[in-house]
Amino acid sequence: MSLDANVPSGPMSEKWSRHQFEMKLVNPANKRKFTVIVVGTGLAGASASASLSELGYKVKTFCFQDSPRRAHSIAAQGGINAAKGYQNDGDSVRRLFYDTIKGGDFRSREANVYRLAELSVNIIDQCVAQGVPFAREYSGLLDNRSFGGAQVSRTFYARGQTGQQLLLGAYSALMKEVTNKGVELYPRREMLDLVVINGKARGIICRNLLTGKLERHVADAVVLATGGYANVFYLSTNAKGCNVTASWRAHKRGAYFANPCYTQIHPTCIPVHGDYQSKLTLMSESLRNDGRIWVPKKKGDVRPPNEIPEEERDYYLERKYPAFGNLVPRDVASRNAKEVCDSGRGVGSTGMAVYLDFRDSIKRVGKAVIEEKYGNLFQMYDKIVDQNPYERPMMIFPAVHYAMGGLWVDYNLMSNLPGLHVLGEANFSDHGANRLGASALMQGLADGYFVIPYTIGHYLASTKLETVGAAHPEFAAAEAQAAEMTNKLLNIKGKRTVDDFHRELGLLLWNKCGMARNDKGLKEALRQIPAIREEFWENVTVTGGAETLNQNLERAGRVADFLEFAETLVYDALKRTESCGGHFREESQTPEGEALRDDKNFCHVAAWEFKGAGKKPTLHKEPLEFEEVHLAQRSYK
């Protein structure tokens, strides 16, 4: 199948406005005739549900949590980017566009990224109007701070709780529509399948997680806003419930999965401290504004950090990248942390950590200023590590954080499967091979508030949709398939727990397809993953029953999907024999150890088609063309 991105013609700065005018509209009276399903209630899902309902569509919104407020968007800390230019430091829509393209290592679609930068200025106004308590300067104007990959201050923030405050704003808009009966909210439901009728997405099968009952829900279009797949690595900064299931089940129904090997490693996380740790904790990238990252110059230096004199410290990011210093993009900071630790200069009990030191900032501006900026983050670190970061440097190390890959979508955020739209982290569209910090919140809200309300109307106005009911044979078949999988999991009665399999898979992926990848390791992973999956289906133990609350069963279904998805992730990493962004192939690097792209062979989106569990997927390519930004090897020096 040809992948048509449906990018509008015309100058880059006019594409979106021209497209808005050229798209077909649904008149207000007819909007009431259409039903849209939205799966997920994070920033993208909640904002889309509220916006579509306010336009007049009937919206059915689903989340597996007990409340939309528990969506993982709430965990975001440092901020949201917008090209407002409040600091008079040279920022603009074009500069945000350029920084995002460059930060993603020239592996994202130009038109989508320009639209994102263009819409960013509207997001802040929307959120302020909702009452989001962004930090303000003494004058009362909104404050900004810097983030990695930029030389300007464009990040709006609410201390270290930006995701929480933005989600509460979107949640308020959503619940207003629930109260007005424009949105039917279905909490504690997990999507188990996408129903496709005559080639179009027409509904979902979900499980009521409290009763175990399978439900059929019919719609004229389906929107997935279900987040990313980073928990395939087991240890990540994501909430434990985050999973790939909704995206993967849609993929198995025909939606292409794009760039799954693009997973982001966040450089500023609390290091792993035990073999049986269940998740990792993020420390906001905003800390790199005032914290300096260093390791001892000598190998094996185990002295307490405050006893190591200045001349024996290596501020390696400042040394290697003087133009950006500690604010290099996440992939660059992460690889350099791994490099110094692999060389024997890591710190802490494991040697797999580096210092993030606020000593100089506290001397310069005072403890009170640092506390005002980052107080809750310092408290969180103190509670987890039992060390006071005002008196002793934080210890940090990279960890799996975000998924740049996701279901393939065109400019209208619709997958190759008509009627299936994908928003936020669940799609691949805006971040290329590496997401800049503070851009996830920007994308989720842009997709939900300002893109999907237009593009879904165009789809509905352009498409002939036959009347379909829940009794349709395709709904019955999909429900029967979901029930069969549930019964199969419950009847294995093996000896190993679900988490045991997940931990084994995650460690394999981290070692063979983590911060650095090579041909030998990826091929070894492709040999081992099928064996783990085979044993899972023969020896997993899933206690409890199907007709009740059963979190063990929930996790089993998600891990079963991870065991299939992991193979596609590794196939993608093996096929892409270049280094770009967060995908670092050891065979493809400069003499200085920097990522070396291969634009001749890999300047494309890799979109994979499902061919069956355990079978090699089929690769489709969307060529990437760069008209506004010239391809160049990234440099942050």
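The rules behind the values
- Residues numbered from 1 in each chain as written.
- Predicted model: local features only at pLDDT ≥ 70, side-chain atom pairs only at ≥ 80, totals over all residues.
- Heavy atoms only, no water.
- Pairing = 2+ DSSP bridges.
- Helix = DSSP H or I, 4+ residues; strand = E, 2+ residues; numbered from the N terminus.
- Axes fitted to C-alpha atoms, helices over the stretch in contact; angles between N-to-C directions.
- Domains from an automatic or database assignment.
- Contact = heavy atoms within 4.5 Å.
- Buried area = accessible area lost by both parts, 1.4 Å probe.
- Salt bridge = Lys/Arg side-chain N within 4 Å of Asp/Glu carboxyl O.
- Phe/Tyr/Trp six-rings, centres within 6.5 Å; stacked < 30°, edge-to-face > 60°.
- Buried < 20%, exposed > 50% of the residue type's maximum accessible area, 1.4 Å probe, protein only.
- Lys NZ or Arg CZ within 6 Å of the ring centre and 35° of its normal.
- Lys, Arg positive; Asp, Glu negative; His and termini not counted.
- Parallel < 35°, antiparallel > 145°, perpendicular 65-115°, else oblique.
- Left-handed = near helix turned anticlockwise from the far one by under 90°.
- Nonpolar A, V, L, I, M, F, W, Y, C, P; charged D, E, K, R; others polar.

*Asks:* Got a minute to help me understand the sheet that holds strand S9 (residues 214-218) in this structure?
*Replies:* Whenever strands of a sheet pair, they do so through backbone hydrogen bonds, lying parallel or antiparallel. A sheet is described by the order of its strands in space; here three strands give the open sequence S7-S8-S9, paired in antiparallel fashion. Sheet topology places strand S7 (189-197) and S9 at the edges, where each strand pairs with a single neighbour. Going from strand to strand, the sheet's axes swing by 25° on average, the running direction of each strand aside. As paired strands, strand S8 (residues 200-208) and S9 are joined by five bridges and run antiparallel to one another. Counterpart to Gly203 in the pairing with S9 is Val218.

*Asks:* What's the story with the domain arrangement of the protein chain in this structure? I'm lost.
*Replies:* Accessible area lost on assembly of the parts is the figure often given for the size of an interface. Once the domains are mapped, the protein chain shows domain 1 (31-83 + 92-133 + 157-264 + 402-462), domain 2 (268-400) and domain 3 (478-623). The straight-line distance from the C-alpha centre of domain 2 to that of domain 3 is 31 Å. Contacts between domain 2 and domain 3 engage 10 residues on the former and nine residues on the latter. At the boundary of domain 2 with domain 3, total buried surface from both sides reaches about 830 Å², with 61% on carbon and sulfur atoms. The interface formed by domain 2 and domain 3 includes zero salt bridges. For the side of domain 2 that touches domain 3, the secondary-structure elements that each account for two or more residues are helix H9 (330-345) and strand S16 (394-403). Among the elements that take part in the side of domain 2 that touches domain 3, H9 stands out by supplying four residues, more than any other.

*Asks:* Help me out: how do you make sense of the packing of aromatic side chains in this one?
*Replies:* For any pair of aromatic rings, the description rests on two quantities: the centre-to-centre distance and the angle between the ring planes. Considering all chains together, one arrives at 23 aromatic pairs under this definition. Plain terms: the ring middles of Tyr86 and Phe156 are 5.7 Å apart, the flat faces sit at 80° to each other, and that makes the pair edge-to-face. In this pair, Tyr86 is assigned in the loop between strand S3 (80-81) and helix H4 (93-103) and Phe156 in strand S5 (residues 153-156), connecting sequence segments 70 residues apart. Phe156 gets classed as buried once you look at its relative accessible area, which sits at 0%. Between Arg145 and the ring centre of Tyr157, over which it is positioned, the NZ or CZ distance is 3.7 Å.

*Asks:* Teacher, can you tell me more about the side chain of Lys102 here?
*Replies:* Position of Lys102 among the secondary structure elements: in helix H4. For Lys102, which is buried and forms no salt bridge, the nearest opposite charge comes from Asp99, at a distance of 6.4 Å. Once residues lying within four places of it in the same chain are set aside, the contact partners of Lys102 are Arg634, Ser635 and Tyr636.

*Asks:* Sorry if this is basic, but what is going on with unusual backbone geometry here?
*Replies:* Most peptide bonds take the trans form, and the phi angle of most residues other than glycine is negative. Located in the positive-phi region is Asn6, a residue other than glycine, with phi close to 55°. Within the fold, Asn6 resides in the segment before helix H1 (15-22). You will see that Asp386, though not glycine, has its phi angle at about 65°, which is positive.

*Asks:* Where do I start with the packing of H4 against helix H5 (residues 110-130) in this structure?
*Replies:* How two helices pack is summed up by the angle between their axes together with the distance between the axes. It is the contact of H4 with H5, at a shortest axis distance of 8 Å, that shows an interaxial angle of 135°. In terms of orientation, H4 lies oblique with respect to H5. The element H4 and its partner H5 pack so that their crossing is right-handed. Across from Val93, Leu96, Phe97, Thr100 and Ile101 in H4, the residues of H5 making contact are Glu110, Val113, Tyr114, Ala117, Glu118 and Ser120. Grouping the amino acids of the contact of H4 with H5 by side-chain chemistry returns seven nonpolar, two polar and two charged.

*Asks:* What exactly am I supposed to notice about the pairing of strand S10 (residues 221-224) here?
*Replies:* The side-chain alternation of S10 yields two buried faces, one formed by Ala221 and Val223 and the other by Val222 and Leu224. With four bridges joining them, strand S1 (residues 35-39) and S10 adopt parallel strand pairing. Bridged to Val39 within S10 is Leu224. The sheet contact formed by S10 and strand S18 (residues 420-422) spans three bridges and is parallel.

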